[in-house]
Amino acid sequence: MEKRANLVRFFAARTGSPAAAEDLAQELYLKLAGRPPGEVADNPIAFIYRVATNLMVDRTRGEARAAARDGQWRGAHATVLAGQEVAEEPAADEVASSRQRLRQLVEAVAELPPQMQRAFTLHKLEGLSHADTARTMGISVKSVEKHVSAALKNLTARLSR
Amino acid sequence: MTAGSHYQDRMTEAADWVVRLQADDLSDVDALAFDAWLQADADNAAAYDAALSVSREFQANARAVRQGLRERRPPRTLVLRGRYGAFGALAAAALVAAVVVPAMLPATSTTAYATATGEHRTVSLADGSKIDLNAGTQLSVTLGRHQRQVALAEGQAVFDVTHDAGRPFLITAGDRTVRVVGTQFDVRRRAGHLSVTVTRGTVEVLPTGGAQGQAFRLHPGQRLEHQEGVQGAQVMAAAPEQALGWRAGRLVYRDQPLSVVVADLNAQFAKPIRVADPALAATPVSGVFIVDSEDAVVRRLALLVSAHTIPSGDGVTLLRSETPKR
């Protein structure tokens, strides 16, 4: 179906990898194939997205947040302190980005306006939900979405390759 | 259509969609609107893909970027470093405020918090940090100008500490101090046994009050176990729900001695649980306990360690079964 690419993009917003989004799309098709034909008839697109939304929310509740943390769990490493200066080893799956690229990422975030930077850091880097970010910052959830979105636009413009 | 001429608008919309689709309250109305947006212009999909790819990259490198941000020292804040380092990020405009603020800070005072058996309590501190106290917990909080200090006398709490590089957050628990900058972690001190579990950020555990031993730096997913008065400490891997489950009425253990489980349960229930002999108390326990009724929890626990229970005085005693299953 020609909707498939759109659905994969839809799922990709919350899954940790493009492959996981493909898996969800596949699962959606299996679910839809199992429905009686009459159920889908009057507005198929609306129906498909209703099922897709439920599927995604169920399956990926907190997954994006967990992904940020999972990296940490796997890379967890205790270091005995000799003094205050201790080198911290990066987690294995974080080696993916080169040092130079990491510097670009850090600089780009550091130069965001303060509120945008804080919202983006809490949500994307610390893994807080929109609601938790809003509570921490003492602003509304809508404002958090606005800040994170503005931050993402800025970062995309700077960092897209 | 708008192809090419409204590049900025398209990028704004693309970022909005990435964020909206990740929102807690996503609905199928959003999903349909997203589909329509993709459909409206062939270039929209590419803009969305670019924004999502950047979002992903940050997620995958979250920890390294956080560390990079911490280590980064913007030159303009050097003026403030030292005395007013905590306000550095606020930049030049804050300079005036930084000079005024210390005079307006209230005098340092200490507040004590305690929970009774079976009671949970969440405390929000003036600096934005949050402490979830488990049952049977006593601690006191002192928010000073140069450091934030908590003394954990007994019990267990999850700390969600607001980042403030100029004011470290210190928790003293017996002969160890836990030092933190901004993170989330669980500290448990019951009957002279300390455990610290980190779920986010980095925490240091240091010998304190003249005690001997090594200092440790803990990362997310790690737990430190320490017996007071002993020089050493063990660091092991721990799942987050092991440390934080109690807040949702779930106690999670992996290879913890029965004595630890019983100490936790005794903080929840009025009728004390006792363990008859030391060998049984040392039996390792792994499992998840839903904290519902005490009778039910004790029954499940007894099954798990092949013990039987007898009522004793005001509580219940766990006894090793005569014929332990092999």
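Residues numbered from 1 in each chain as written. Chains lettered and ligands numbered in written order. Predicted model: local features only at pLDDT ≥ 70, side-chain atom pairs only at ≥ 80, totals over all residues. Heavy atoms only, no water.

Turning next to the overall build of chain A. Within chain A, the regular secondary structure consists of 9 helices and 1 strand. Element order for chain A, N to C, with α for helix and β for strand: α-α-α-α-α-β-α-α-α-α. Roughly 8,300 Å² of accessible area belongs to chain A as shown, and the carbon and sulfur atoms make up 53% of that amount. (Helix = DSSP H or I, 4+ residues; strand = E, 2+ residues; numbered from the N terminus. Areas by Shrake-Rupley, 256 points an atom, 1.4 Å probe, with all protein chains shown as cover.)

Attention now goes to the environment of A:Asn6. Tracing the chain through its elements places A:Asn6 in helix α1 (residues 4-12). Filtering out sequence-adjacent residues up to four positions away, A:Asn6 remains in contact with A:Tyr49, B:Phe34, B:Asp35, B:Leu38 and B:Gln39. A polar atom in the side chain of A:Asn6 sits 2.7 Å from the side chain of B:Gln39. (Contact = heavy atoms within 4.5 Å. Polar contact = N/O pair within 3.5 Å; in protein donor to acceptor, adjacent residues only side chain to side chain.)

Residue and element names in this part refer to chain A. Scored by pLDDT, chain A comes out at a mean of 75, with 70% of its residues at no less than 70. Of all helices and strands in chain A, the one with the weakest mean pLDDT is strand β1 (residues 79-80) (38), whereas helix α9 (residues 141-159) scores best (94). Below pLDDT 50 for its whole length, residues 67-96 participates in 63 contacts with residues either more than four positions away or in separate chains. (pLDDT = per-residue confidence, 0-100.)

What follows covers unusual backbone geometry. Of note in this structure, B:Ser306 is not a glycine but carries a positive phi near 50°. Mapped onto the elements of the fold, B:Ser306 is located in the loop between α9 (294-304) and β17 (307-312).

What follows concerns the interface of chain A and chain B. Listed by partner, the interface residues are 67 residues for chain A and 62 residues for chain B. Carbon and sulfur atoms make up 57% of the area that chain A and chain B hide from each other, which totals about 5,900 Å². Between B:Arg20 and A:Glu145 there is a salt bridge whose closest N-O contact spans 3.1 Å. Linking chain A with chain B are 21 residue pairs in polar contact (both at pLDDT 80 or more). Listing elements by their share of the side of chain A that touches chain B, those giving two or more residues are α1, α4 (44-60), α5 (63-75), β1, α6 (99-110), α7 (114-125), α8 (130-137) and α9 of chain A. With 9 residues, α9(A) is the largest single contributor of residues to the side of chain A that touches chain B. Looking at the side of chain A that touches chain B residue by residue, the classes come out as 31 nonpolar, 19 polar and 17 charged. (Buried area = accessible area lost by both parts, 1.4 Å probe. Salt bridge = Lys/Arg side-chain N within 4 Å of Asp/Glu carboxyl O. Nonpolar A, V, L, I, M, F, W, Y, C, P; charged D, E, K, R; others polar.)

In this section: the side chain of B:Ser129. Residues and elements named next belong to chain B. Structurally, the position occupied by Ser 129 is in the loop between β2 (121-124) and β3 (130-133). Classification of Ser 129 as buried rests on a relative accessible area of 0%. In this structure the side chain of Ser 129 is engaged in a polar contact, spanning 2.9 Å, whose partner is the side chain of Asp 127. A distance of 3.0 Å separates a polar side-chain atom of Ser 129 from the backbone nitrogen of Thr 162. When near neighbours in sequence (up to four residues on either side) are disregarded, Ser 129 contacts Val 123, Ser 124, Arg 148, Asp 160, Val 161, Thr 162 and Phe 169. (Buried < 20%, exposed > 50% of the residue type's maximum accessible area, 1.4 Å probe, protein only.)

Residues and elements named next belong to chain B. In the predicted model, chain B carries a mean pLDDT of 78, and 84% of its residues have values of at least 70. No element of chain B has a lower mean pLDDT than helix α5 (residues 94-104), which averages 38, and none a higher one than helix α1 (residues 7-21), which averages 92. When the criterion is pLDDT under 50, residues 74-107 qualifies, and its contacts beyond four places in sequence or with other chains add up to 17 contacts.

Moving on: α7(A). When we look at burial in α7(A), the residues that qualify are A:Met116, A:Ala119, A:Phe120, A:Thr121, A:Leu122, A:His123, A:Lys124 and A:Leu125. Phi for A:Gly127, located one or two positions after α7(A), is positive at around 80°.

Let's shift gears to the packing of α1(A) against helix α2 (residues 28-40) of chain B. Running from N to C, α1(A) and α2(B) point in directions that differ by 125°, and their axes come no closer than 10 Å. Here α1(A) lies oblique to α2(B), going by the angle between them. The crossing of α1(A) and α2(B) is right-handed. Facing α1(A), whose interface residues are A:Asn6, A:Arg9 and A:Phe10, α2(B) presents B:Ala31, B:Phe34, B:Asp35, B:Leu38 and B:Gln39. Of the residues belonging to the contact of α1(A) with α2(B), the class tally is 4 nonpolar, 2 polar and 2 charged. (Axes fitted to C-alpha atoms, helices over the stretch in contact; angles between N-to-C directions. Parallel < 35°, antiparallel > 145°, perpendicular 65-115°, else oblique. Left-handed = near helix turned anticlockwise from the far one by under 90°.)

Before going further, it helps to examine α1(B). Compared with the 21 Å implied by 1.5 Å per residue over 15 residues, the 21 Å span of α1(B) between its first and last C-alpha is a close match. Residues of α1(B) that are buried include every one of B:Arg10, B:Met11, B:Ala14, B:Ala15, B:Trp17, B:Val18, B:Val19, B:Arg20 and B:Leu21, and no others. (Expected span 1.5 Å × (residues − 1).)

Right, let's talk about the side chain of B:Thr162 for a bit. All names here are of chain B. Examined against the element boundaries, Thr 162 turns out to sit in the loop between β5 (148-160) and β6 (169-173). Classification of Thr 162 as buried rests on a relative accessible area of 18%. A distance of 3.3 Å separates a polar side-chain atom of Thr 162 from the backbone oxygen of Asp 127. At a separation of 3.1 Å, a polar atom in the side chain of Thr 162 contacts the main-chain carbonyl oxygen of Gly 128.

All names here are of chain A. Tallied over the entire structure, the rule returns 9 aromatic pairs over all chains. For the ring pair Phe 10 and Tyr 49, a centre distance of 5.6 Å and an interplane angle of 85° mean the geometry is edge-to-face. Of this pair, Phe 10 sits in helix α1 while Tyr 49 sits in helix α4, and the two are 39 residues apart along the sequence. Note on accessibility: Phe 10 and Tyr 49 belong to one class, buried. (Phe/Tyr/Trp six-rings, centres within 6.5 Å; stacked < 30°, edge-to-face > 60°.)

Moving on, we come to the sheet that holds strand β15 (residues 273-275) of chain B. Residue and element names in this part refer to chain B. The strand order across the open sheet built from 3 strands is β15-β18-β17, with neighbouring strands paired in mixed fashion. Looking along the sheet, the strands with just one partner apiece sit at the ends: β15 and β17. If you compare each strand with its neighbour and ignore which way they point, the axes differ by 30° on average. Here β17 pairs with strand β18 (residues 315-320) via 6 bridges, running antiparallel. Bridge pairing in β18 places Pro 311 opposite Val 316. (Pairing = 2+ DSSP bridges.)

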